[in-house]
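Listed below, chain by chain, are the residues.
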There are 4 protein chains.
Amino acid sequence: MPINVTVWGENVHEQSNETVAELYPKGMHGAIADALNTDKRFTATTATLQEPEHGMTQARLAQTDVLIWWGHAAHGDVDDAVVERVAEHVWAGMGIILLHSAHFAKIFKRLMGTPCNLTWREAGERERLWVTSRNHPIAAGLPDHFELENEEMYGEPFGVPEPLETVFISWFAGGEVFRSGLTYKRGAGNVFYFRPGHETYPTYHDANVQTVLRNACAWAHNPAPRVSRVTDAPNVPVESALEPIEARGPRLHADGEDGFR
Amino acid sequence: MPINVTVWGENVHEQSNETVAELYPKGMHGAIADALNTDKRFTATTATLQEPEHGMTQARLAQTDVLIWWGHAAHGDVDDAVVERVAEHVWAGMGIILLHSAHFAKIFKRLMGTPCNLTWREAGERERLWVTSRNHPIAAGLPDHFELENEEMYGEPFGVPEPLETVFISWFAGGEVFRSGLTYKRGAGNVFYFRPGHETYPTYHDANVQTVLRNACAWAHNPAPRVSRVTDAPNVPVESALEPIEARGPRLHADGEDGFR
Amino acid sequence: MPINVTVWGENVHEQSNETVAELYPKGMHGAIADALNTDKRFTATTATLQEPEHGMTQARLAQTDVLIWWGHAAHGDVDDAVVERVAEHVWAGMGIILLHSAHFAKIFKRLMGTPCNLTWREAGERERLWVTSRNHPIAAGLPDHFELENEEMYGEPFGVPEPLETVFISWFAGGEVFRSGLTYKRGAGNVFYFRPGHETYPTYHDANVQTVLRNACAWAHNPAPRVSRVTDAPNVPVESALEPIEARGPRLHADGEDGFR
Amino acid sequence: MPINVTVWGENVHEQSNETVAELYPKGMHGAIADALNTDKRFTATTATLQEPEHGMTQARLAQTDVLIWWGHAAHGDVDDAVVERVAEHVWAGMGIILLHSAHFAKIFKRLMGTPCNLTWREAGERERLWVTSRNHPIAAGLPDHFELENEEMYGEPFGVPEPLETVFISWFAGGEVFRSGLTYKRGAGNVFYFRPGHETYPTYHDANVQTVLRNACAWAHNPAPRVSRVTDAPNVPVESALEPIEARGPRLHADGEDGFR
């Protein structure tokens, strides 16, 4: 059974900027979904900011194995309730891949617990990505480095927590470096941040970038059923304790009462 | 110069529950501050939910090296703007120590990016904490394990990200285990979660627990000045690039324009 | 194509101790291989200490996707050259699973860089393993905890580096806890340590334990071809630098010379 | 009481290579010790390969709080017994800082459990180190980046385990990147690898590099007394179990017997 990938695009500059529209006539989300659908392992569809609930309904999320997120100009327009809903699906096991300017997406900041800031420069300079974790599943089939002749620069320090693994580090012609591929886990959900993808350059048409995206979708997929009631904090009554104990001392809670939260 | 510790207590059950009031006549926050002030390395003061801005003004946070947080019944009453303010101070370098039921405090969930849930049982059972990281600064002066004869049980799975280090793991008489001492870093701020401290038991009068609290304050203290403008994402103009480059390709941003966020 | 698993057993107590021989007539390695071979994903075979090169020839390792290692009484009899050979295969991408008393196997200590010590008690006491990472692939299909009625106790502190992930923590009837399932990565090789499996108890006949072993083999398998020349440190001559540079300053090495090691 | 730092130098090229001898008339170890001794927090002395037991006697290690290690041409001449002795002191709490070509030192490979390999080029090219962990104690007082106009290049992939923290990443003029400042913990010992320091360049006279070395010594120092018997695996007899249990089932070991190792 193929992995269901939903590619979320904010779909703003594709509509308003001629360069972007020409590079990505079906939107960046469309180009990414097409690249995934060349591989029988995946069934990729798209969703955008402009759809009701930004296309991120409970039903849609429930059938999404891996969510790819690209946003930039309209982070602030994403509804907080939708962000929380997406976060719960990640905790319950949905994979998520955050691309480029999604470092400032509400959902990424929500999952990281940090500012996720960086330095930047839009100069079409050369970026060279180095694989720092040889034979990592996300780097499968890649050379030990690859180049994007025109990219926006992102520079360290990148305001994120220490990752589980650093998979790529970028070299920029202007003199900066950046941790461009980072893995995290949040609950049962695998999280991957991948740096490249400024909308005025043809980055998502690059073969190596497409390889990373396919690898990342396979890596992020957790085949287990979603964890149910993923934010619950269940009480374990004394009488069902695994070892025989007796209740002792003063109590705050009556039998069967919920905890505070 | 001593380390400035602010002990934040929600101060609810101390006012409404006779057992808690008797155990902690100056509040749990008061008892913790007293325990720290026996050590010349610290100057500890308290703040509570009921104060204006919950006592967490910019001025107060700016002079706090390490913040200790205990909350339980009134997590929902903590103002979101205050939570964000505290988070920014952590990112900028303020240490923070979360105690017991603060696993569900807004500030902890904000910093972790996960549900922070667990299982629980209020039965006054025996808890035994094992040091899993020998000679960790937070475990200095402790035996290899110590017991609290009456504590609330917290059980795994604990809904937090993988920590930097696991310092303590608890054994409970009823059959559960729990990662009771976990370190994290968020920006320049050191974060420590410590499990014990149910309000109906005399946990914060325990000598070993007080040792942990003192150690944790020393460990969490980052002597560097706060990072200024900790959420900024500064543009680096082409003309000030560290290596000579020329702007190329189509652009989205005009010179000097801010990035999107 | 099935995953090739080689189950290595030291095969000493199976020959010398009546209890062990009765519990595991085909050896512990035989029982484990049988448990894996019930699953079409795997082709499991065995190797033992007594074979030439302990059965760990280059050819055998080259066709092994995942190596399972159980040893106890004869750690010292394992040849250092074989240990180094196994380590190189792990770095190049072979998965490895270390069981129980293999915490003191030369290969585990070699990969960890630490003493890998612990406390222990052979009293047939109850062990309860808690899943600490919900829906981790290694915990697929397991309940949130499971019990082994008779096991040897291993207690913290466990002298290993901080793991990538803690998957299981054990509770023991005698009052100890232990991190019983830990993941690591060494080069391209996935490493899993799993605690249960004292030879005088029927642990490897337990259904939950067998589930863990199958899950762990699938998790540890890195489908990429082995990294070739995995310990090399290649020189990159100036004339093939990716960006044009000129050699400057005094030099230690002549052109084409190898580095020191 | 000042922190006792021992700076170990292999002291080979200082004796055989004119450039190195001129740059470091007291040896690289001497220059580093001098830089530390300008700071009252430290008492730094030196030891070299040529001394009996390479200067690494039990007595010397016992009084060393932090060991700095620089080696290159003579890694193979370091006695294995000395390497193991140093490793035991690290596990017991001695800090260790590995510099530059010490990536291939026996002690570093012993502590990492990996090949520790990389790519390299000796071309005197520009290296720019970026701080990736703002306000990390090891980066105290540094700008957000600093340059070394002439350095040897080291390139990724660097064959080490995922670190606890990445503190520095280097940009090289020839197009490579490298994780130049990495923290680890092995037992109670703090470990820091720092990349710069090729012997034909004046790197250890650089003010920023000296700041890193001083910061790293303060960071690596664990003030707790050494862990005694750091590799022991003590038996806990049934009769001294913390919770009352009775021995059950078949046994391998007689009372009071040592475990296998």
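Residues numbered from 1 in each chain as written. Chains lettered and ligands numbered in written order. Predicted model: local features only at pLDDT ≥ 70, side-chain atom pairs only at ≥ 80, totals over all residues. Heavy atoms only, no water.

## Considering the overall build of chain A
Counting secondary structure elements, chain A contains seven helices and nine strands. Principal-axis analysis of the C-alpha atoms places the extent of chain A at approximately 70 × 40 × 35 Å. Of all 261 residues assigned to chain A, the portion counted as buried reaches 65%. Taking as baseline every contact in chain A between residues at least 6 positions apart, the subset at least 24 positions apart corresponds to 71%. Side chains of chain A give 22 positive and 35 negative charges; the mean places of these two sets differ by 4 Å. (Helix = DSSP H or I, 4+ residues; strand = E, 2+ residues; numbered from the N terminus. Buried < 20%, exposed > 50% of the residue type's maximum accessible area, 1.4 Å probe, protein only. Contact = heavy atoms within 4.5 Å. Lys, Arg positive; Asp, Glu negative; His and termini not counted. Charge placed at Lys NZ, Arg CZ, Asp CG, Glu CD.)

## Topic: the sheet that holds strand β4 (residues 95-99) of chain B
All names here are of chain B. One open sheet accounts for nine strands, arranged β2-β1-β3-β4-β9-β8-β7-β5-β6; its pairing is mixed. This sheet does not close on itself; its edge strands, each paired only once, are β2 (42-48) and β6 (145-155). Here the strands of the sheet are splayed against their neighbours by 25° on average, with no regard to which way each runs. Seen against the sheet, helix α3 (residues 27-37) touches β1 (3-9), β2, β3 (66-70) and β4 and runs at an angle of roughly 175° to β2. Most of the contacts of helix α7 (residues 207-220) go to strand β9 (residues 189-194), to which it runs at about 165°, and overall it touches β1, β2, β3, β4, β6, β7 (165-172), β8 (177-186) and β9. (Pairing = 2+ DSSP bridges. Axes fitted to C-alpha atoms, helices over the stretch in contact; angles between N-to-C directions.)

## Structural notes on the relation of the copies chain A and chain B
Once chain A has been moved 0.0 Å along the axis and rotated by 180°, it coincides with chain B to within an RMSD of 0.0 Å. One copy is carried onto the other by what is essentially a two-fold rotation axis. Considering only C-alpha atoms, the residue of chain A closest to the rotation axis is Gly113 of chain A, which sits at 2.5 Å. A symmetric contact is evident, with 100% of the interface residues of chain A recurring at the interface of chain B. (Least-squares fit on C-alpha atoms with pLDDT ≥ 70 in both.)

## Here's the deal with helix α7 (residues 207-220) of chain D
Residues and elements named next belong to chain D. Between the first and last C-alpha of α7 there are 20 Å, a value that for 14 residues agrees with the 20 Å anticipated at 1.5 Å per step. Burial of α7 is extensive: eleven of the 14 residues sit out of reach of the surface. Capping the start of α7 is the job of one residue whose side-chain oxygen sits 2.9 Å from the backbone nitrogen of Asn208: Asp206. (Expected span 1.5 Å × (residues − 1). Polar contact = N/O pair within 3.5 Å; in protein donor to acceptor, adjacent residues only side chain to side chain.)

## Observations concerning the packing of helix α3 (residues 27-37) of chain A against helix α7 (residues 207-220) of chain A
Residue and element names in this part refer to chain A. Remark: α3 packs on α7, axes separated minimally by 10 Å, with the N-to-C direction vectors making an angle of 70°. Between α3 and α7, the angle falls in the class roughly perpendicular. Contacts between α3 and α7 pair Ile32, Ala35 and Leu36 from the former with Gln210, Leu213, Arg214 and Cys217 from the latter. Each residue belonging to the contact of α3 with α7 can be placed in one class, and the counts come to five nonpolar, one polar and one charged. (Parallel < 35°, antiparallel > 145°, perpendicular 65-115°, else oblique. Nonpolar A, V, L, I, M, F, W, Y, C, P; charged D, E, K, R; others polar.)

## Overview of the state of the cysteines
Applying the stated criterion across every chain, the model contains zero disulfides over all chains. Of all cysteine sulfurs, the one in Cys116 of chain D lies closest to Cys116 of chain C, which takes part in no disulfide; the gap is 16 Å. Residue classification places Cys116 of chain C among the buried positions, given a relative accessible area of 0%. (Disulfide = S-S within 2.5 Å.)

## Quick word on the interface of chain A and chain B
At the interface, 68 residues of chain A touch 68 residues of chain B. For the pairing of chain A and chain B, the buried interface totals around 5,300 Å² over both sides, and the portion due to carbon and sulfur atoms is 58%. If you look at where chain A meets chain B, you find two salt bridges. Between Arg248 of chain B and Glu149 of chain A there is a salt bridge, with the nearest N and O atoms lying 3.1 Å from each other. (Buried area = accessible area lost by both parts, 1.4 Å probe. Salt bridge = Lys/Arg side-chain N within 4 Å of Asp/Glu carboxyl O.)

## A look at the packing of aromatic side chains
Summed over all chains, the structure comprises 42 aromatic pairs over all chains. The interplanar angle of 10° and the centroid separation of 5.4 Å between the aromatic rings of Trp171 of chain B and Trp171 of chain C together place this pair among those described as stacked. On the criterion of chain membership, the pair formed by Trp171 of chain B in strand β7 and Trp171 of chain C in strand β7 (residues 165-172) is interchain, its members lying in two chains. Look at Trp171 of chain B and you get buried, because its relative accessible area is 2%. On the basis of an interplanar angle of 50° and a centroid distance of 6.4 Å, the ring pair of Tyr24 of chain C and Tyr204 of chain C is categorised as tilted. Of the two residues, Tyr24 of chain C sits in the loop between α2 (18-23) and α3 (27-37) while Tyr204 of chain C sits in the loop between β9 (189-194) and α7 (207-220), which places them 180 residues apart along the sequence. These aromatic residues form a ring-pair network of at least three members: Phe108, Tyr154, Phe158, Phe178 and Tyr193 of chain A. Positioned above the aromatic ring of Tyr154 of chain A, the side-chain terminus of Arg195 of chain A is 4.9 Å from the ring centre. Positioned over the ring face of Trp171 of chain D is Arg128 of chain D, at 4.8 Å from the centre of the ring. (Phe/Tyr/Trp six-rings, centres within 6.5 Å; stacked < 30°, edge-to-face > 60°. Lys NZ or Arg CZ within 6 Å of the ring centre and 35° of its normal.)

## Topic: the relation of the copies chain B and chain C
If you rotate chain B by 180° and push it 0.0 Å along the axis, it lands on chain C with an RMSD of 0.0 Å. The residues that chain B uses at the interface reappear at the interface of chain C in 100% of cases, marking a shared surface.

## Description of the interface of chain B and chain C
Tallying the contact residues gives 21 residues for chain B and 21 residues for chain C. Between chain B and chain C, the buried area comes to about 1,900 Å², and carbon and sulfur atoms account for 61% of it. Here chain B is connected to chain C by eight residue pairs in polar contact (both at pLDDT 80 or more). Taken together, the elements giving at least two residues each to the side of chain B that touches chain C come down to β5 (119-131), β7 and β8 of chain B. A total of six residues in the side of chain B that touches chain C trace back to one element, the largest contributor, which is β7 of chain B. Among the residues making up the side of chain B that touches chain C, the classes are represented as nine nonpolar, five polar and seven charged.

## Observations regarding the UniProt feature "domain: ThuA-like" (unreviewed entry) in chain A
Taking the UniProt record as the reference, the feature "domain: ThuA-like" (unreviewed entry) is found at residues 4-220 of chain A. Structurally, residues 4-220 of chain A comprises 28% helix and 33% strand, and the distance from its first C-alpha atom to its last is 11 Å. (UniProt positions renumbered as here; feature names shortened; annotations may be inferred.)

## Some points on the sheet that holds strand β1 (residues 3-9) of chain A
All names here are of chain A. Judged by pairing direction, the sheet is mixed, and its nine strands sit side by side in the order β2-β1-β3-β4-β9-β8-β7-β5-β6 without closing on themselves. A single partner strand is all that each edge strand has here, and the edge strands are β2 (42-48) and β6 (145-155). Strand-to-strand, the axes of this sheet are offset by a mean angle of 25°, without reference to chain direction. As paired strands, strand β7 (residues 165-172) and strand β8 (residues 177-186) are joined by six bridges and run antiparallel to one another. For Trp171, the partnering residue across the bridge sits in β8 and is Val177. Of the strands in this sheet, β1, β2, β3 (66-70), β4 (95-99), β6, β7, β8 and β9 (189-194) touch α7, which is tilted by about 165° from β9.

## Section: the side chain of Arg214 of chain C
Residue and element names in this part refer to chain C. By the element assignment, Arg214 lies in helix α7. Of the side chains with opposite charge, Asp39 lies nearest to the buried Arg214, which makes no salt bridge, at 4.3 Å. Sequence-distant contacts of Arg214, that is, excluding residues within four places in its chain, are made with Ala35, Leu36, Thr38, Asp39, Arg41 and Phe42.

## Section: the side chain of Ser180 of chain A
All names here are of chain A. Among the secondary structure elements, Ser180 is positioned in strand β8. Overall, Ser180 belongs to the buried group, its relative accessible area being 0%. If sequence neighbours within four positions are ignored, Ser180 has contacts with Glu127, Leu129, Phe168, Ile169, Ser170, Tyr193, Phe194 and Arg195.

## Topic: unusual backbone geometry
Leave glycine aside and you will find that most residues have negative phi; peptide bonds, for their part, are mostly trans. Put simply, Glu156 of chain B and Pro157 of chain B share a cis peptide bond, and its omega is 0°. Along the chain, Pro157 of chain B turns up in the loop between β6 and β7. With a phi close to 65°, Asn135 of chain C is a non-glycine residue in the positive phi region. Inspection of the secondary structure puts Asn135 of chain C in the loop between β5 (119-131) and β6 (145-155).

## Some details on α3 of chain B
Burial of α3 of chain B is extensive: nine of the eleven residues sit out of reach of the surface. Three or more residues of α3 of chain B are buried, namely Gly27, Met28, His29, Gly30, Ala31, Ile32, Ala33, Ala35 and Leu36 of chain B.

## Some thoughts on the confidence of the model for chain A
Looking at chain A, the pLDDT average stands at 96 and 100% of residues meet or exceed 70. Predicted complex, confidence summary: ipTM 0.96, pTM 0.97. (pLDDT = per-residue confidence, 0-100.)

## Here we look at the pattern of salt bridges
In the structure shown here, the tally under the stated rule is 72 salt bridges over all chains. Its salt-bridge partner being Arg41 of chain D, residue Asp39 of chain D comes within 2.9 Å of it at the nearest N-O pair. The class of Arg41 of chain D is partly exposed, set by a relative accessible area of 40%. By sharing partners, the salt bridges in this structure join Arg126, Arg128, Glu147 and Glu149 of chain A, Arg248 of chain B together with Glu243 of chain C into a single network.

## Brief notes about the environment of Glu125 of chain C
As for its placement among the helices and strands, Glu125 of chain C is situated in strand β5. As for Glu125 of chain C and Ala173 of chain C, which are separated by 48 residues in sequence, their C-alpha atoms are 6.1 Å apart. Those residues within four positions of Glu125 of chain C in sequence are excluded, and the remaining contacts are Leu148, Glu149, Asn150, Glu151, Met153, Phe172, Ala173 and Gly174 of chain C together with Ile245 and Arg248 of chain D. Looking at Glu125 of chain C, its side chain comes within polar contact range of the side chain of Arg121 of chain C, at 2.9 Å.

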